[in-house]
Amino acid sequence: MQERIACLIAHWQKRNITGIYCPDRAAFEQALSEAVPAGAHAGISGSVTLQQLDVVRGLQSRGVHVFDPAKAASREENLAVRRQGAQADYYLASPNAVAESGEMVFLSAYGNRTAGISYAAKKTVIITGVNKLVPTLQEALQRARGYATPLNCKRLSWNTPCFSDGICRESVCFLPEYKRMCCQVLILEAEAVKGRMTVILVDETLGF
Ligand code: SF4
């Protein structure tokens, strides 16, 4: 596994993405505090991985202002916080899958996280467990729709064709019959701006 991780970090380096491997939670806390400084403003996308790592509490304990849609009191406020978060100094998200060749796949319903990751935020911090690694981009796309999204639909009780049996039926997954979760697909192949993107890879099973 260590050899595979070293190769992946080298692939990210070629793609102008900084990869940081964290063997345990202490290393993760350290990497996160270096990636997002005290006093910064940060947006986050909904993520079981971020929840399991207690990212919001960790950021807030260091005085980081977090735009957290989960705390919004209304639908309108929720959408406004998503928009503010996507344009913050930092945007934190977890991918649906990571190819060991370096590409990362993100599916998004509203597009706030694809916007924050790809351009709107000044810096992006991607956080993932090693369980999301697969050998190729093709397998990453399959993991995102064939595994991760159905579990997220189940978790959030979204009315989608994959909700009941975990099988994606993309060709019929549209309003008004279904509330499609993967309206947008971001394949992140590389970063253009030096130092903008960091991936923190935690040696744990996290999220879906
Ligand atoms: S397109 Fe629809 S059915 Fe397919 S994974 Fe996404 S939400 Fe589920």
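This text goes with the structure placed above it.
Residues numbered from 1 in each chain as written. Predicted model: local features only at pLDDT ≥ 70, side-chain atom pairs only at ≥ 80, totals over all residues. Heavy atoms only, no water.

Colleague: Looking at this structure, I do not really get the sheet that holds strand β1 (residues 18-22). What am I missing?
Modeller: Sheets are built from strands paired through backbone hydrogen bonds, the pairs being either parallel or antiparallel. On the basis of which strands lie adjacent, the open sheet formed by six strands has the order β1-β10-β7-β4-β2-β3 and parallel pairing. Edge strands, defined here as strands with exactly one partner in the open sheet, are β1 and β3 (65-67). Here the average twist between neighbouring strands, direction ignored, is 20°. Note that strand β4 (residues 90-93) and strand β7 (residues 123-129) share four bridges and pair parallel. What sits directly across from Tyr90, in β7, is Lys123. Contacting β1 and β10 (197-202), helix α1 (residues 2-14) runs over the sheet at an angle of about 155° to β1. (Pairing = 2+ DSSP bridges. Helix = DSSP H or I, 4+ residues; strand = E, 2+ residues; numbered from the N terminus. Axes fitted to C-alpha atoms, helices over the stretch in contact; angles between N-to-C directions. Contact = heavy atoms within 4.5 Å.)

Colleague: Is there a simple way to explain the sheet that holds strand β5 (residues 97-99) in this structure?
Modeller: Across the sheet, four strands lie side by side as β8-β5-β6-β9; this open sheet has mixed pairing. The open sheet has two free edges, formed respectively by β8 (133-134) and β9 (184-188), since each of these has just one partner strand. Its contacts with the sheet put helix α6 (residues 112-120) on β6 (104-108) and β9, and the angle it makes with β6 is roughly 145°.

Colleague: How should I be thinking about the environment of Met1 in this particular structure?
Modeller: Counting through the fold element by element, Met1 comes out in the segment before α1. C-alpha separation for the pair Met1 and Val130, spaced 129 residues apart in sequence, amounts to 9.4 Å. In this view, Met1 contacts Val130 and Leu133; residues no more than four positions away in its chain are not counted.

Colleague: Help me out: how do you make sense of the nonpolar core in this one?
Modeller: When a protein is soluble and globular, its nonpolar side chains tend to lie buried together. Of all hydrophobic cores here, the largest spans 22 residues; its most connected members are Phe28, Leu32, Val36, Val55, Leu92, Ile127 and Ile200. Considering each element in turn, this core owes the most residues, four residues, to helix α2 (residues 25-35). Apart from the residues lying within four places of it in its own chain, the contact partners of Val55 are Phe28, Leu32, Leu50, Leu92 and Ile127. Residues Met104, Ala121, Ile126 and Val130 belong to the second largest nonpolar core, which totals 19 residues. (Core = buried A, V, L, I, M, F, W, Y, C linked by side-chain atoms within 4.5 Å. Buried < 20%, exposed > 50% of the residue type's maximum accessible area, 1.4 Å probe, protein only.)

Colleague: Looking at this structure, how should I read the site of the ligand?
Modeller: The ligand sits among Arg145, Thr149, Thr160, Pro161, Cys162, Cys168, Arg169, Cys173, Met181 and Cys182. Looking at the shell around the ligand residue by residue, the class counts come to six nonpolar, two polar and two charged. (Near = heavy atom within 4 Å. Nonpolar A, V, L, I, M, F, W, Y, C, P; charged D, E, K, R; others polar.)

Colleague: Just checking my understanding: could you explain the pattern of salt bridges for this structure?
Modeller: Should the charged atoms of two oppositely charged side chains come close, the side chains can pair. Summed over all chains, the structure comprises nine salt bridges. The partner of Arg4 in a salt bridge is Glu100, and the shortest N-O contact between them spans 2.6 Å. Placement of the pair is Arg4 in helix α1 and Glu100 in the loop between β5 and β6, with a sequence separation of 96 residues. The partly exposed category is assigned to Arg4, whose relative accessible area is 38%. Asp89 serves as the salt-bridge partner of Lys122, at 3.5 Å between the closest nitrogen and oxygen. With a gap of 33 residues between them, Lys122 in the loop between α6 and β7 and Asp89 in the loop between α5 (75-86) and β4 connect regions that are remote in the sequence. Lys122 gets classed as exposed once you look at its relative accessible area, which sits at 61%. (Salt bridge = Lys/Arg side-chain N within 4 Å of Asp/Glu carboxyl O.)

Colleague: When you look at the packing of aromatic side chains in this model, what are you seeing that I'm missing?
Modeller: For any pair of aromatic rings, the description consists of the separation of the ring centres together with the inter-plane angle of the planes. Scanning all chains against the criterion turns up one aromatic pair. With centroids separated by 6.5 Å and ring planes inclined at 70°, the aromatic side chains of Tyr110 and Trp158 adopt a geometry described as edge-to-face. Of this pair, Tyr110 sits in the loop between β6 and α6 while Trp158 sits in the loop between α7 (137-156) and α8 (162-165), and the two are 48 residues apart along the sequence. Residue classification places Tyr110 among the partly exposed residues on the basis of a relative accessible area of 37%. (Phe/Tyr/Trp six-rings, centres within 6.5 Å; stacked < 30°, edge-to-face > 60°.)

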